[in-house]
Structure formats: C-alpha cells, structure tokens
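Structural characterization, general
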Amino acid sequence: MTRVVLSIGSNLGDRVGRLQSVVDALGESLLAVSPAYETDAWGPVAQGPFLNAVVIADDPALDEFGWLRWAQQLEEAAGRVRGQRWGPRTLDVDLVNCYQSAPDGDVEVFSRDYRLTLPHPLAHLRAFVLIPWLAIQPDAELTVDGRKRPIAGLLAELEPADRGSVRLTAQVLNLTTPQRVVPNAMPEI
Ligand code: AMP
C-alpha cells in the first residue's frame, strides 16, 4: 500500500473538468481533495491562470512508478502534448511525495530515478502546492534536503507575493465516494 500527495493543475480548456477527471479516476483510492485555487502562470510564455488543487490518495496495488504511469495516462487522456517547456497545460499531475506502508509504520519513498524524483524537488517552493495541501492536512510534513519540515513553516518562508498569488476559488471538485480520514501526521522513518 502506498499513499501519495498529488498536485494537479490545468490552465487550458475546461480547467475544473480536467481536475475533476483526476478525482473521478481515483474513486475509492481518494483520501482527501483540497478546494481549487487559481494561480497566475509565470515564466516566459504568456498564458491564462492555472486552476490548482492537491489530492491525497492510497492504493494497495500501486508503487511510486505505478502512480507516475497512472498520472501520465490521465495527462494523456486530457490531451496533453509534451511540447513547450513552460507552456499551457490541459492537465498536469505531479507526485509530491509518497509513503509505503510497513509493519512498523509508514516509510517515505525516495527516488532519484531519471523518470521520477521523490519528494518532488520544487514542491517546497510552490505556494500553489503548499496552500491547497495545508487546507486538507494542516500538520503535513515534507522532506527537504533530507529534513522533515512542517509545510506550514515552508509556506511561511515563501515571499508574501507568492502566497498572495494563490487565490481560493468557488470551484468545487465533487467527490464520487465519501472523503476518508487522512492520517494525522506522517510518522518518522
Ligand atoms: P512536468 O512537465 O512538470 O509534468 O514533468 C514531467 C516529467 O517529469 C516526466 O517526464 C516525469 O517522468 C518527470 N518527473 C520527475 N519527477 C516527477 C514527479 N515527482 N512527479 C511527476 N513527474 C515527475
């Protein structure tokens, strides 16, 4: 059994429909889904704002690469073309972190594979990841440079302008199954 935190975003076409497609695909694997937030795109390419959310899910059959393949299949189903590096995206699904169940407690999965970096190397710098995540798991921690850090503290370290650029929306992602209980704290390894 693995548990993942996923960051999902879309800034092209039916944005809320794209995010909803992830929630729908998770079905009973879904533990929690955040509200949707709007974030201005940055970088060299002019484009519309992103709709972002964070979901937490677990699955008895998937390992971290299974989750990556699952995420990429959803991106492809949304018509995503891997073209321009910083360009607009119908759907982006990133693995933020991953825990594997073990008899003595959950163990964090680390990966430096060329296809998958875990924890996600930029998640601690992204207000559009930390703000939705904090909304559904206030005591969450993220390993940064080998050290577990409360995400509330990581968020506080970002520039106020970065935090302010992430705006809560009235868009609601509908649950097809009841939200389950997210474990309170990620246990120490
Ligand atoms: P992006 O364009 O940001 O969606 O990046 C996609 C590429 O990043 C894919 O080739 C993935 O194999 C790779 N990748 C590495 N680490 C991760 C991660 N933690 N989550 C999602 N994709 C990842």
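Our subject is the structure listed above.
On a predicted model such as this, the values are computed, not experimentally measured, just so you know.

In terms of nonpolar packing, the biggest core is built from 44 residues, with Leu 6, Ala 53, Val 55, Ala 57, Ala 71 and Leu 95 touching the most fellow members. Secondary-structure elements contributing two or more residues to this core are strand 1 (2–10), helix 1 (15–26), strand 2 (30–33), strand 4 (50–59), helix 2 (64–77), strand 5 (92–100), helix 3 (127–136) and helix 4 (151–157). Ranked by residue count, the leading element in this core is strand 4, at 7 residues. Excluding residues that lie within four positions of it along the chain, Leu 95 makes contacts with Val 4, Leu 6, Glu 64, Trp 67, Leu 68, Ala 71, Leu 118 and His 120.

The next point concerns the site of the ligand. The local shell around the ligand consists of Asp 92, Asp 94, Leu 95, Arg 115, Leu 116, Thr 117, Leu 118 and His 120. Sorting the residues of the shell around the ligand by element identifies strand 5 and strand 8 (116–118) as the ones contributing at least two each.

Here we come to helix 3. Counting buried residues in helix 3 gives 7 out of 10 residues, a clear majority hidden from the surface. Considered for burial, the residues of helix 3 that qualify are Ala 127, Phe 128, Val 129, Leu 130, Ile 131, Pro 132 and Trp 133.

With that settled, the discussion passes to the pairing of strand 5. Judged from the 8 bridges that link them, strand 1 and strand 5 form a sheet pairing that is antiparallel. In the strand pairing of strand 5, Ser 7 is matched with Asp 94. Two strands pair when backbone bridges link them, and strand 5 and strand 6 (residues 107–108) are joined in this way by 2 bridges, in the antiparallel orientation. Residue pairing for strand 6: Tyr 99 is matched across the bridge by Glu 108. Taken together, strand 5 and the strand that follows it, strand 6, pair antiparallel across an intervening segment of 6 residues, in which Gly 105 is found at a positive phi of about 125°.

Turning our attention to unusual backbone geometry. A cis amide bond links Leu 118 to the next residue, Pro 119, at an omega of -10°. Mapping Pro 119 onto the fold places it in the loop between strand 8 and helix 3. Non-glycine residue Asp 145 carries a positive phi angle of around 50°. Residue position: Asp 145 is located in the loop between strand 9 (141–144) and strand 10 (147–150).

Mapped onto the fold, Ser 111 is located in strand 7 (residues 111–113). Overall, Ser 111 belongs to the partly exposed group, with 15 C-beta atoms counted inside 10 Å. Residues Ser 111 and Asn 97, 14 residues apart in the sequence, show an inter-C-alpha distance of 9.8 Å. Ser 111 has contacts with Glu 64, Leu 116, Thr 117 and Leu 118, leaving out every residue within four places of it along the chain.

Calculation notes
Residues numbered from 1 in each chain as written. Predicted model: local features only at pLDDT ≥ 70, side-chain atom pairs only at ≥ 80, totals over all residues. Core = buried A, V, L, I, M, F, W, Y, C linked by C-beta atoms within 7 Å. Buried ≥ 20, exposed ≤ 12 C-beta atoms within 10 Å, placed from the backbone. Helix = DSSP H or I, 4+ residues; strand = E, 2+ residues; numbered from the N terminus. Contact = placed C-beta atoms within 7 Å. Near = placed C-beta within 6 Å. Pairing = 2+ DSSP bridges.

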